[in-house]
Amino acid sequence: MPTPDTFWSYFGATLTYLAVLAVPGGLVGRAAGLRGWALAGLAPLLSYTVTGLAGPWLALAGVSYNPLTVAGVTAVLAGIGFGLRKLGQARGWIKPGAEEPPTKWHPRAHYAVAACVALAVGISILVVLSARGGTTAVFQRWDTVFHANGIRYIAETGDGSLTGMGTVNWYPDGSFYPNAYHLVGSLVYSISGTTIPVTLNAITMPVAGVFALSMVALIRQLGGRAVFAGCTALVAAAATTGAYESVSSGLLPFALGIVLTPLAVVALARFLARPGFDTGYVLALTAVGLLAAHSSALFGALLFAFPLVVQRWYRALRHKPLDGVPEGRGGWRVIGGDVVKMVPVMVGSGLLAAPHILGALKFTSGSYPYYAWGSDLPVVKSLGLLVTFRQVLSAPQVWLTVLLVIGVLSLFRLGRMRWVGLSAIGFSALFVLVASFGAEPWVISLSRPWWNDRYRLMALAAIPLCLLAGHGMAELQRWFAKWASGRSWVKSRPALPARLGLATAVFIVAASAVLTKGFYTESNAHAVSFLYYNGPEGEVTPPVSADELAAMNELTKMNIGPDEKVLNERFDGTAWLYAITGIHPVAGHYDPGVPPPDAKYLALHFRDYDTDPEVRAAVRRLNIKHVLIGSTPIKIGEPPAPGLRDLDGLGFLRKDFSNAGASIYTLTR
């Protein structure tokens, strides 16, 4: 359901988000010695690192989080990176260059890959804009209200702590949540001056484009072909299970963590090739950024990158050449050296992320309930979903499956990236376990970082599967170029062979676009549309309805004080009240787990206001003077709470506003 905004405010929010992605991380990365595709790819992740560190540490220091203080933290982190690099160079401890990609690309190749990334960004934009919601639509899925309220809370209060934004619902102490996503969102909201729904849309729009950029940075760092990089960028923008499926479920910070995960390999490969203060610093910041984006992102990145380390150590034991290792060094010495050199990086990242680590440990030992999904799909169906890149859609992405098969069959052509095959096997096996045996206690324990959720595990598996599909697409180009180069009409024209690579690459991309109907833009838009309807359109009424938004707007005219709370029903769209208007609701999230005692009691007994002194005491404690009741539940068939049903005609309430889907009452005594 749209909230009133203009095209220009949306356009401004989008540009602001792109600037926030590029500038802080770009400055820190460049100061630490990053250049080229490594800088372009890591800049967004390092921006989330900057904000993810700034929020909690500024809160501990009693300093407000805002654009100015973020600029200060950016300067500090950039200064540290610059100082470490210069110190290492001055003392002769580091000699920059060994960490750069082992192969060169022709300038035309860089431009062609950049064009593929730009096309991927455009596809991502088109998917979100055409997802039946429009540019100003309110997200309707479960956790999106928490993210929306959190962004507004940080922007209005300057409290960037890891528990502060949770106080909108879990007052007075809040609840732990890694908040880099919200800290970046608050900057976009504050700088652009637009609404929270527009801010969320602007942040979501380029998500698959960021995924494509991360993939390109990984492939470039490991010496892959430019055609491989460009093809993988387009596959990343086309695969439903890569970024779009997580977005469609409202898993916004999780989707962010997924699209940034490939960058862990970039930072790790640079460090292994040339251990040093600067590369170690970038690796530590990368780990912190993933943890701050989403707790599971760092776990996923470790699992994704570990096969790279396995391949490296296997080659060391077989006395094969390795990046950053002098010829003749023993295999066990290489392994021991890698482990020892990682220790200071782990210690440094642990110290930087101390608030996140301590907060996560406290949260996992707390009272918040953990519910396993217990999926029990047949194994054959789980495998089918995996290789056809879909779960929320009924139609398989057949052409991506074809590319995946080609990529798997030509795995030997990946060279130093053969480890991707191990990563694909590991993540695919984990997905099948959760999807088919999700009720088994040991599977629940194994998959706890991902909440035993097969949709999250599918997104994780999509990372290496997209790489393999992109490799398959690139191999098609290689085969086609080889076939064409043997034709007599090519040999008879001296200028053609030099242009054959580009021509065949353009042909393969164009053919893929035609066969996939624009890289599955329409089907991906259908998947993302579930974000705006909480299910397939026509089957589920949006919880945040036009009537509820009108009632929220009416509340802004009632001079409600900043210390007041408006009593509302937890499961309807009124949980968005704070994000939309800045007025605090009693229930600021659909989640019923561990609600504040007063909120729980009022939901059960508010109708007994005249006869129950505890109800009146709770109303006084929360300073409630108004009640807002909506009509469209987030959970299908969920009735209103017993204490908030049938309020018309009660002597202690006066109805001040009503439409077909919402009502506002004022307490008269």
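First, a word on scope: everything that follows refers to the structure included in this document. This one's a predicted model, so the numbers in the text were calculated from it and none came from an experiment. (Residues numbered from 1 in each chain as written. Predicted model: local features only at pLDDT ≥ 70, side-chain atom pairs only at ≥ 80, totals over all residues. Heavy atoms only, no water.)

One finds Tyr48, Leu200, Leu260, Met417, Tyr532, Leu555 and Trp576 to be the most contacted residues of the largest nonpolar core, which totals 185 residues. Setting aside residues up to four positions removed in sequence, Trp576 forms contacts with Val138, Phe139, Thr144, Val145, Ala148, Asn149, Leu200, Val544, Met552 and Tyr590. One finds Val586, Phe606, Tyr609 and Leu667 within the second-largest nonpolar core, a separate group that totals 21 residues. (Core = buried A, V, L, I, M, F, W, Y, C linked by side-chain atoms within 4.5 Å. Buried < 20%, exposed > 50% of the residue type's maximum accessible area, 1.4 Å probe, protein only. Contact = heavy atoms within 4.5 Å.)

So, about the state of the cysteines. Evaluated as defined, the whole model comprises 0 disulfides. The closest cysteine sulfur to the non-disulfide-bonded Cys231 is located on Cys116, 6.8 Å from its own sulfur. Judged by relative accessible area, which is 3%, Cys231 ranks as buried. Cys466 takes part in no disulfide bond, and the closest cysteine sulfur, belonging to Cys231, lies 13 Å away. (Disulfide = S-S within 2.5 Å.)

Right, let's get into the sheet that holds strand E1 (residues 565-568). Pairing is mixed in the open sheet, where 5 strands are placed in the order E2-E1-E3-E5-E4. The sheet terminates laterally at strand E2 (584-585) and strand E4 (653-658), the two strands that pair on one side only. By the bridge criterion, 4 bridges tie E1 to strand E3 (residues 624-629) in an arrangement that is parallel. Within E3, the residue paired with Leu567 across the bridge is Val627. (Pairing = 2+ DSSP bridges. Helix = DSSP H or I, 4+ residues; strand = E, 2+ residues; numbered from the N terminus.)

This brings us to the pattern of salt bridges. Enumeration according to the criterion identifies 16 salt bridges in this entry. A salt bridge links Arg270 to Glu99, with the shortest nitrogen-to-oxygen separation between them at 3.8 Å. Linking Arg270 in helix H12 (residues 263-273) with Glu99 in the loop between helix H3 (67-90) and helix H4 (107-129), this pair joins segments that are 171 residues apart in sequence. Of the residues examined, Arg270 reaches a relative accessible area of 4% and is grouped as buried. Between Glu614 and Arg621 there is a salt bridge, and its shortest N-O distance comes to 2.7 Å. A relative accessible area of 34% places Glu614 in the partly exposed class. Taken together, the shared-partner salt bridges in this structure form one network comprising Glu99, Glu100, Arg270, Arg274 and Asp278. (Salt bridge = Lys/Arg side-chain N within 4 Å of Asp/Glu carboxyl O.)

Right, let's get into empty space enclosed by the protein. For the structure shown, the criterion picks out 3 cavities of 30 Å³ or more. Taken as a whole, the largest cavity spans an internal volume of roughly 120 Å³. Lining the largest cavity are 13 residues, and of these Tyr181, Ile203, Thr204, Val207 and Leu256 lie nearest its centre. Counting residues per element, the ones that place at least two in the lining of the largest cavity are helix H7 (196-204), helix H8 (207-221) and helix H11 (252-260). Examining the composition of the lining of the largest cavity, we find that 4 residues originate from one element, H11, more than from any other. (1 Å grid on protein atoms, 1.4 Å probe; cavity = no way out; pocket = protein on both sides within 12 Å on 5 of 7 lines; lining within 4 Å. Points joined across faces, edges and corners; volume = space filled by probe spheres on them.)

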